[in-house]
Amino acid sequence: MRLGMFFREALRSIRANAAISVAATVTALIAVFILGAFIPSFMYVRSAVSAQTSKVDVDVYISDTASVKQVNVLRDKIGTLKTDGQVAEFTYVSKDDALRLMRERLRDPSVLDQLPSNPLPAKFNIQPTDPANANAIVAAVKDDAALDPTEGIVYPQTTADRLLTAAKFVQWAGFALIGILLMAAVLLIGNTIRLSIFARRREVEVMRLVGATNWFIRWPFMIEGVICGLVGAVVAVAMLWGIKVGVVDAWASGADTALTKTGSAGEAIAFPLLTVVLVGAGALLGAVGSGITLRRFLRI
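All values reported here derive from a predicted model rather than from experimental measurement.

A. Inspection of the nonpolar core at higher detail. Ranked by internal contacts, the top residues of the largest apolar core, which has 19 residues, are V58, V60, I62, L74, I78, F124 and I126. Among the elements of the structure, strand 1 (58-61), helix 3 (68-83), strand 3 (123-128) and helix 5 (134-141) are those that each provide at least two residues to this core. Ignoring anything within four residues of it in the chain, the contact list for I78 reads V87, F90, F124, I126 and V141.

Next up, the structure:
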């Protein structure tokens, strides 16, 4: 079978050029290791920022003099925004509920007993589907007759804008860095495979002279690149697993920081899925690096 012949030829080349094959494998190992360390970090930071962004909400305070009809009209406006997809959820918080929540937050709730009456207004707490929708929500209800003239509408616009900017920066910077890492890995592996091709340049020239097609010449080298990429990726995954179990998990279990309290929203990619991605990336990097190098070589 021709595929078996290509595979045996690739193994023969690896044994005959052991030093070059080791260099290609180490190059793939380093590239996959860096990629494997970066992807979970990028996804963790991205999900942590998204978790904080999702906490941005809009409080619409209701005047004490607002009638039931006016409150219902305001409720219907918000319900329409929810139907349109701008609002995820909204909750009505009565004056009594607002006072109860205030008692729960205070270290010494007895200070509220000195108040002659409940000064807190009722409100609608609105959670946008996207923090970018907050301005549209405010514009839709800002002139409503039921609004409290003092409190009005409250939402952390500056915080929301900063979180949205941070989320976009993390996303695009992460994609750009992953692209740079992949490109650098392909070039490094390609240059290493180039040494193997150069060492066998006369053999390749003979095959071309006797009429071998470019793909017939290319397959053993690409399989060789895939093998080196796979071996490097497997070793890199093993190293990452050791670091995860011995360092990261141990630190996360004992740490008490904001990042470790983000819950499931702040979790990185599952390690089994990361393993599949990295092993596939190692094989692909080896194949692409070999293919690009051979394409240039066979044009000469």
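B. The arrangement of the packing of aromatic side chains in detail. According to the stated counting rule, one finds four aromatic pairs in the structure shown. Each member of the aromatic cluster is reached from another via a ring pair, and the members are F90, Y92 and F124. Above the plane of the ring of Y92 lies R75, whose end atom (NZ or CZ) is 5.5 Å from the centre.

C. Focus on the sheet that holds strand 4 (residues 153-154). Taken together, four strands build an open sheet; the order of strands is 2-3-1-4 and the sheet is antiparallel. Strands with a single pairing partner mark the edges of an open sheet, and in this sheet they are strand 2 (87-93) and strand 4. Pairing geometry for strand 2 and strand 3, over six bridges, is antiparallel. The residue of strand 3 that forms the bridge with V87 is P128.

D. Fine view of a nonpolar patch on the surface. Judged by side-chain polarity, V22, V26, I30 and I34 come together as a nonpolar surface patch covering roughly 320 Å² of accessible area. Along the chain, the position of V22 falls in helix 2 (residues 18-53).

E. Seen up close, the side chain of S63. Along the chain, S63 turns up in the loop between strand 1 and helix 3. Accessibility expressed as a relative area gives 12% for S63, which makes it buried. Leaving out residues up to four positions away in the same chain, S63 has contacts with A146, L147, D148 and P149.

F. Structural context of the pattern of salt bridges. As enumerated under the stated definition, the model contains five salt bridges in all. Notably, a salt bridge pairs K123 with D59, separated by 3.5 Å at the nearest N-O pair. Taken as a pair, K123 in strand 3 and D59 in strand 1 lie far apart in primary sequence, 64 residues in all. Salt-bridge contacts for K95 lead to D64; the nearest nitrogen and oxygen are separated by 3.4 Å. Note that K95 is positioned in helix 4 (residues 95-105) and D64 in the loop between strand 1 and helix 3, a separation of 31 residues in sequence.

Cut-offs used in this document
Residues numbered from 1 in each chain as written. Predicted model: local features only at pLDDT ≥ 70, side-chain atom pairs only at ≥ 80, totals over all residues. Heavy atoms only, no water. Core = buried A, V, L, I, M, F, W, Y, C linked by side-chain atoms within 4.5 Å. Buried < 20%, exposed > 50% of the residue type's maximum accessible area, 1.4 Å probe, protein only. Helix = DSSP H or I, 4+ residues; strand = E, 2+ residues; numbered from the N terminus. Contact = heavy atoms within 4.5 Å. Phe/Tyr/Trp six-rings, centres within 6.5 Å; stacked < 30°, edge-to-face > 60°. Lys NZ or Arg CZ within 6 Å of the ring centre and 35° of its normal. Pairing = 2+ DSSP bridges. Patch = residues over 30% accessible without salt bridge, like charges linked within 9 Å, V, L, I, M, F, W, Y side chains within 5 Å. Areas by Shrake-Rupley, 256 points an atom, 1.4 Å probe, with all protein chains shown as cover. Salt bridge = Lys/Arg side-chain N within 4 Å of Asp/Glu carboxyl O.

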